[in-house]
Amino acid sequence: MTAPLDPTQTRAAVEAVATWVLDDDAPAPSRPAIAAAVRLTARTLPQIAPGSSVEVRVPPFVAVQCIEGPRHTRGTPPNVVETDPRTWLRLAAGTLTFADAVADGKIDASGSRAAEVAELLPITPLKIR
């Protein structure tokens, strides 16, 4: 088991990219800044919902397994949530709902348990300016 993440560090990483998360016209922050925010928020999921029944993928930065249930170890898991970094950070920040992201085609969610990820969001809420 890895050491618990520091919520202060996670919040700081999200706040460092907040303008880009909140504004479609904002220039992209540095790749390391985006990577840090994505990785820290996604790696929070297994801490708040330990398990291996759902895999959350945010390529190219991270993939994590969470939510209690049957463990999956080989091949493509039956329950997968995959999205791009900006959409993930909007979900993690609470500026976009899981249902809206699915409806807009911003999330590829497969499997009967994939939608359970919605219950874990937001991770680090941002105030909409």
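## Some words on the nonpolar core
Burial of nonpolar side chains together is a common tendency in soluble globular proteins. Formed by 37 residues in total, the largest nonpolar core has its most connected members in Val38, Leu45, Val56, Val81, Trp88, Leu89 and Val117. Looking at this core, the elements that each hand over two or more residues are α1 (7-16), α2 (18-22), α3 (31-42), β1 (54-58), β2 (62-66), α5 (85-93) and α6 (98-103). In terms of residues, this core owes the most to one element, α3, which gives six residues. The contact partners of Leu89, leaving out residues within four places of it in the chain, are Val17, Trp20, Val21, Ala37, Val38 and Thr41.

## Comments concerning the pattern of salt bridges
Within the structure shown, the criterion is met by five salt bridges. Salt-bridge contacts for Arg57 lead to Glu55; the nearest nitrogen and oxygen are separated by 2.6 Å. Arg57 sits in the partly exposed class, given a relative accessible area of 22%. When its relative accessible area of 13% is taken as the criterion, Glu55 is described as buried. One salt bridge in this structure joins Glu82 and Arg57, with 3.7 Å as the shortest N-O distance. On the criterion of sequence distance, the pair formed by Glu82 in strand β3 (residues 80-83) and Arg57 in strand β1 is long-range, its members being 25 residues apart.

## Considerations on the packing of α1 against α3
Across the interface, α1 lies against α3 with an axial gap of 8 Å and an inter-helix angle of 140 degrees. If you check the angle between α1 and α3, you find them oblique. Read as a crossing pair, α1 and α3 show a hand that is left-handed. Between α1, through Gln9, Thr10, Ala13 and Val14, and α3, the contact on the second element is made entirely by Ala36, Ala37, Leu40 and Thr41. Here the residues of the contact of α1 with α3 are counted per class, giving five nonpolar, three polar and no charged.

## Digging into the packing of α3 against α5
Here α3 crosses α5 at 50 degrees, and the two axes come no closer than 10 Å. One way to sum up the angle between α3 and α5 is to call them oblique. The way α3 lies across α5 gives a crossing that is left-handed. Here α3 contributes Ile34, Ala37, Val38, Thr41 and Ala42 to the contact with α5, which in turn contributes Pro85, Trp88, Leu89 and Ala92. Along the lines of polarity and charge, the residues of the contact of α3 with α5 split into eight nonpolar, one polar and no charged.

Parameters and conventions
Residues numbered from 1 in each chain as written. Predicted model: local features only at pLDDT ≥ 70, side-chain atom pairs only at ≥ 80, totals over all residues. Heavy atoms only, no water. Core = buried A, V, L, I, M, F, W, Y, C linked by side-chain atoms within 4.5 Å. Buried < 20%, exposed > 50% of the residue type's maximum accessible area, 1.4 Å probe, protein only. Helix = DSSP H or I, 4+ residues; strand = E, 2+ residues; numbered from the N terminus. Contact = heavy atoms within 4.5 Å. Salt bridge = Lys/Arg side-chain N within 4 Å of Asp/Glu carboxyl O. Axes fitted to C-alpha atoms, helices over the stretch in contact; angles between N-to-C directions. Parallel < 35°, antiparallel > 145°, perpendicular 65-115°, else oblique. Left-handed = near helix turned anticlockwise from the far one by under 90°. Nonpolar A, V, L, I, M, F, W, Y, C, P; charged D, E, K, R; others polar.

So far we have only geometry, and geometry alone does not tell us how the molecule works.
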